[in-house]
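# Close look at the chain arrangement
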Amino acid sequence: MIKEKFFKSIKKRDGRIVHFDNNRITNAIFKAMSAAKEGNKSKALLVCDKVISELKKLRSYDEVPTIEEIQDIVETELILNDFPKTAKAYILYRREHEIKRLEREDILEGKTTNLPFTTNALKVVAKRYLACDKEGNIQENPEQMFDRVARSLANVEEKYNKNKQEIQEIYEDFLEAMVSFKYLPGGRTLANAGAETAIIPNCIVLNIKDSMFDIFDTLKNAALLQQMGAGLGFPFHLIRPAGIRTVRSRGIASGPVSFLHVYNNAFSVIKQQNRHGANMAIMRVDHPDVLDFMYSKKIEGALKNFNISIGLTNDFMQSVVKNNKSPWMCEFNGVKMKPRIIERDRDGKIIEIREVNMSAREIMDEIVTHAWANGEPGVVFIDRVNETNPLPGLGRIEASNPCGEQFLHGSDVCNLGSINLEKFVINGKIDFDELKRITRIVIRLQDNVVDLTNIPVESVDKTFKLNRRIGLGIMGFADMLYKLNIPYNSDEGRKIAKSVMGSIQKEARKMSQELAEEKGVFPNYEKSIYANSGVKMRNAALTTIAPTGTLSMVFDVSGGVEPYFALSYHYKGILDGKSNLSYFNKHLKRVLQERGLYLEEIINKIEKEGSLKNIDEIPEDIKRVFVVSMDISAEDHIKMQAAFQENVDNSISKTCNFSSDATKEDVLKGYILAWKLKCKGCTVYRDKSREFQVLNLNNSKAEEKDNKEKIPVMSAPSITSMDKNICFDCKSKMIFKEGCYNCPNCGNGKCSI
């Protein structure tokens, strides 16, 4: 190695001048030698010495060489020193990176970024979050986007009498949390904070009062909110059952499902920022029209703008577990009645209503049959939700947001943000000190979002600021476990879930208490559970776990609490229907390379199977860690959800992905276990249970099988099937993964179940 002095600086392609580090040259050469299986570290050092010697002939130490000059010399020296395979690998590496660089510049319309986004992630960022002018031209790069968000949220502190130095320090904390890829705020905050468009949180619930005026007044408010990019939840069980005589019009009520279709049709003509409206419709199981509601989506693609879920009560679940044979009784406004079958014509007009004798178990069997067939309805345990209601003074909670992680009072709101757990594994251990530090920073950030938000519906804006709910969650949990060599479906994995979420929850509460002392408690404090204990809180609730479909694409990690769907999978017909792209898990790739197993034959098998389960060449210790959703039993899926729920204020969006041969009994057991373990909801999805599925294992034979089973239903409305899996913006096919549909081309997304 040359002992003389080195060049001080080097000029990057984007014009930046950075410190010259000869070790980077050595490492690049050694990496190429390793890929070519030619040479070793000492030979890489020797070539590096010769590169620097040649560079000295071209430049004096006071000059600044360019990275292109150095790379050209490396190529030449590899050839001259008889490393032809390494030279080829190095040249291909340069060419590949040049193509990527040009592609990234094209995505950003000539702008550049030094942040480590994948190409797909950069497409999502450019499409969804970068500020544009009125003609749609990109006006900032990702670094400027993060700066915009951090600066605007830090400036909120002026309202609380912070000085310029304090605001600058808070800004730097906010910025560092994001550019380090350790945290992202919700999509609407990322897109709109500091921009011309107002911030509208992703999660809002609108209760529907039982009158024609209120039903359509709520629809008007919903239209305004969806136009601004909000996801909405509605409790349709607050509307009177079909067939009940109306006093004012002296007619017959058409029932909640008729208005569900009205809402759905209205939302079809509203286009949000790059996406159609995502909505959740919930009906309690003790509403007389629960069967009509359940059958409303029996045809795949019907009510494409809504997810539907049944609110299961403790009384109902106890009757199911005990297999109580007595007829299940429903109730509305104090009047008990049996569940009813409602016959409608093609226009939705009621033909016949008849009561049926069904036990709780028989109704549950209907729910299971539909969920087994196509993933809907989901179920929520509505009594459990209200057992942990932080604002009992506001009454009962009736519904959740579209993905089911936020149960809210009517007109209440929650702004979301997620910590990327992948970044907190250092040398095989979790850095809990750093996790706590980031938690404190982002609790302040999300609390400031409340002040910066301006919601176009007055009642919603007012309620948001009265309660100051925030929803801090996580993503990259599966990545964390892979890096720790811990299986998802293990006691150790669940212990990690409890400790990580427990740390976040504890620190979040501590920070909220400090903010309460600094800025004051939330205005509805006296209506909360905290008033009795005397604990001052800035926020009514703090934690939740969203699916993070698009946000996790930005950081190239797993969504929310979910395991990976597969270790290798392909997207069919994306990029305007012209391309098929395959993906291979980055953590598995690293381990296979370290073990000398990253071989074409093994890779092909993994691409075909998606899982390591049936691949003989893979050692058992690797198989044990690298499990995917369909390797994991329903019981382990539910246990993981319950492990997180112990330390989450609100709820968790999670899908139990079953293999195509899972039985209805498996689904039923999952629901019962989830209720017993005090989860707040449970959503299932059986592979290939939908007629059209975009995310697939690379197994053509499996795709040829038809695993569908006819669904026996008593009666349901006639509805035209509609394809919900096509991106409404770029027309690419969307991916169903981890409980949500996402477009891999432009990042549009909506929760499916």
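Preceding this paragraph is the structure being described.
Cut-offs used in this document
- Residues numbered from 1 in each chain as written.
- Predicted model: local features only at pLDDT ≥ 70, side-chain atom pairs only at ≥ 80, totals over all residues.
- Heavy atoms only, no water.
- Buried < 20%, exposed > 50% of the residue type's maximum accessible area, 1.4 Å probe, protein only.
- Helix = DSSP H or I, 4+ residues; strand = E, 2+ residues; numbered from the N terminus.
- Contact = heavy atoms within 4.5 Å.
- Salt bridge = Lys/Arg side-chain N within 4 Å of Asp/Glu carboxyl O.
- Pairing = 2+ DSSP bridges.

### Considerations on helix α12 (residues 314-322)
Taken residue by residue, α12 has N314, F316, M317, S319 and V320 as its buried positions. Contact partners of the buried residues in α12: β7 (306-312), α13 (360-374), β12 (378-381), α14 (382-387) and α25 (664-676). Once α12 finishes, N323 follows within two positions and takes phi at roughly 55°, a positive value.

### What to know about the pattern of salt bridges
Side-chain pairs of opposite charge can arise where the charged atoms are in close proximity. The final tally for this structure, using the stated rule, is 51 salt bridges. E343 is the partner of R354 in a salt bridge, and the nearest nitrogen-oxygen pair spans 3.7 Å. Of this pair, R354 sits in strand β11 (residues 350-355) while E343 sits in strand β10 (residues 340-344), placing them eleven residues apart in sequence. You can call E343 partly exposed: its relative accessible area is 24%. Taking the shortest distance from any N to any O, the salt bridge between R590 and E594 comes out at 3.7 Å.

### Some points on the pairing of strand β18 (residues 470-475)
Buried residues dominate β18, accounting for six of its six residues. The two faces of β18 match: I470, L472 and I474 on one face and G471, G473 and M475 on the other face are all buried. Pairing of strand β15 (residues 413-420) with β18 involves six bridges; the strand directions are parallel. Pairing of I419 across the sheet is with I474, part of β18.

### Looking at unusual backbone geometry
The amide bond that connects E376 to the next residue, P377, takes the cis arrangement and shows omega of 5°. Relative to the helices and strands, P377 resides in the loop between α13 and β12. Even without glycine at this site, E109 takes up a positive phi of about 55°. Accessibility expressed as a relative area gives 43% for E109, which makes it partly exposed. Unlike most non-glycine residues, N427 shows phi in positive territory, near 50°. Along the chain, N427 falls in the loop between β16 (425-426) and β17 (429-430). We classify N427 as exposed; its relative accessible area is 80%.

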